[in-house]
Amino acid sequence: MATIKDVARQAGVSVATVSRVLNSAGYVHEDTRKKVEDAILALDYSPNEVARSLYKRKSKLIGLLIPDITNPYFPQIARGVEDEMRENDYRIIIGNSDENEQKELEYLQTFTQNNVVGVITLTNNPDTHTYTSINLPVVFLDRTSHDKPSVYADGWQGGKLAAGAIIAGGSREVTVMQGPAHVKPAQDRYQGAVHALEEAGMEYHVIQTSSFSFHNVDKLATNLFDTYPSTDGIIASNDLAAIAVIHEAVRRGRRVPEDVQIVGFDDIPISGLLSPALSTIRQPAYEMGRAAAQLLIQLIDNKHNMETYIQFPVEYIERNTTRKVAQNK
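To start, this report covers the structure provided alongside it. Since the model is a prediction, treat every value here as computed from it, not as a measurement.

Once that is clear, we can look at the packing of aromatic side chains. Using the criterion set out here, one finds three aromatic pairs in the structure. On the basis of an interplanar angle of 35 degrees and a centroid distance of 6.4 Å, the ring pair of Y107 and F111 is categorised as tilted. With Y107 and F111 both in helix α6 (residues 101–113), this residue pair falls four residues apart, about one helical turn. The partly exposed category is assigned to Y107, whose relative accessible area is 26%. Directly above the ring of Y90 sits K60, whose terminal nitrogen or CZ lies 3.9 Å from the centroid. Lying across the ring of F265, R189 places its NZ or CZ 4.0 Å from the centre.

See the structure below:
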């Protein structure tokens, strides 16, 4: 891998001259600039972004904090952030917090040490002192905050759509999986579902969850059927939980959707490849990621009069874990 010294040697100039060209700092004669640029191309030299940022006092690095890299929903979001940032000449450093507040804090410190100019976070702890005191532009993604810019989906409508599908399919005893209490979009989903069920006069149960993590869903599904064995309609907190519920239902000899209907939330890529394919509420994860990146860039550039709370619509994706309305007649 070529170094800045190799570029200087190739161009026949000093390292300081190469630095001035790279950082657009100070005068460099046009002929000399051309020699340096030719040497950079010939050697395929890429400057160290962290070192360059320390020199310029401004980097092109962004910190992206996600809660669970094993959940396929979050890489979709991360891809949206990365694509938008790359198109605007930014690079991202990704941290995976595992929904652990201490690990999250350590990653935020790492971001700061690497001189990032902004942070996009999918934290489970949006109202902690960590974010009220951080001295950087911050955008909350798939999360909301009272005083920070946020990009999120319409969870309330999503919950309402999920309950509507379960009701239309003829379920009589519904169980709602309530997401983490401290994550507002998760509570919005829950409230939307409960509103629709109560409006329809439906009986329902609630299973509380403290995490969206992949590692907890099997126990959650087992507990659901142990606690409410006769439930015939389940509104899951996300697609991973819904997939675990499908597996547990089949293991217990319950037919899906004939004996029990299931609706997920997120529409992760594998949802349509399952057998039966999962009916779910689609959140536009990739588009949300791009929107959060655009919003953060505007904050970094000190743009004014911009929209700081961006809510995306959701849609119900009907597949094979819910009964078609015509079948229920």
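So much for the structure itself; the text now carries on.
Right, let's talk about the environment of A292 for a bit. Along the chain, A292 turns up in helix α12 (residues 285–300). Considered as a pair, A292 and L141 are 151 residues apart in the sequence and their alpha carbons are 6.4 Å apart. In this structure A292 touches I120, V139, L141 and V151, once residues within four positions along its chain are discounted.

For the pair helix α8 (residues 155–168) and helix α9 (residues 184–199), interaxial distance at closest approach is 6 Å and the crossing angle is 40 degrees. Classified by the angle between their axes, α8 and α9 sit oblique to one another. In the packing of α8 onto α9, the handedness of the crossing is right-handed. Facing α8, whose interface residues are G155, W156, G159, K160, A163 and I167, α9 presents P185, D188, R189, Q191, G192, A193, H195, A196 and L197. Here the contact of α8 with α9 is built from residues that sort into seven nonpolar, five polar and three charged.

Counting residues in hydrophobic clusters, the biggest one holds 69 residues, and the most contacted among them are M85, I120, L141, V151, I235 and I262. Tallying contributions element by element places α12 first for this core, with nine residues. Non-local contacts of M85, meaning those with residues more than four positions away in its chain, are made with I62, Y90, I92, I120, A293, L296 and I297. If you look at the next biggest cluster of nonpolar residues, it comprises twelve residues, including A2, V21, V28 and I40.

The next thing to look at is the pattern of salt bridges. A full pass over the atoms with the stated rule returns 15 salt bridges. One salt bridge connects R290 with E84, and the closest N-O pair in it is separated by 2.8 Å. Of the two residues, R290 sits in helix α12 while E84 sits in helix α5 (residues 73–87), which places them 206 residues apart along the sequence. With its nearest N and O atoms 2.6 Å apart, the salt bridge here joins R252 to E248. Look at R252 and you get partly exposed, because its relative accessible area is 32%.

Here the focus is the sheet that holds strand β2 (residues 91–96). The pairing of strands in a sheet happens through backbone hydrogen bonds and is either parallel or antiparallel. The strand order β2-β1-β3-β4-β5-β11 describes an open sheet built from six strands, whose pairing is parallel. A single partner strand is all that each edge strand has here, and the edge strands are β2 and β11 (309–312). Strand-to-strand twist in this sheet, taken as the mean axis angle between neighbours without regard to direction, amounts to 15 degrees. Bridge count for strand β3 (residues 119–121) against strand β4 (residues 138–141) is three bridges, and the pairing is parallel. Bridge pairing in β4 links V119 to V138. α6 contacts β1 (61–66), β2 and β3 of the sheet and is inclined by roughly 160 degrees relative to β2.

Here is what the cut-offs are and how they apply
Residues numbered from 1 in each chain as written. Predicted model: local features only at pLDDT ≥ 70, side-chain atom pairs only at ≥ 80, totals over all residues. Heavy atoms only, no water. Phe/Tyr/Trp six-rings, centres within 6.5 Å; stacked < 30°, edge-to-face > 60°. Helix = DSSP H or I, 4+ residues; strand = E, 2+ residues; numbered from the N terminus. Buried < 20%, exposed > 50% of the residue type's maximum accessible area, 1.4 Å probe, protein only. Lys NZ or Arg CZ within 6 Å of the ring centre and 35° of its normal. Contact = heavy atoms within 4.5 Å. Axes fitted to C-alpha atoms, helices over the stretch in contact; angles between N-to-C directions. Parallel < 35°, antiparallel > 145°, perpendicular 65-115°, else oblique. Left-handed = near helix turned anticlockwise from the far one by under 90°. Nonpolar A, V, L, I, M, F, W, Y, C, P; charged D, E, K, R; others polar. Core = buried A, V, L, I, M, F, W, Y, C linked by side-chain atoms within 4.5 Å. Salt bridge = Lys/Arg side-chain N within 4 Å of Asp/Glu carboxyl O. Pairing = 2+ DSSP bridges.

Honestly, it's all geometry; don't read function into it.
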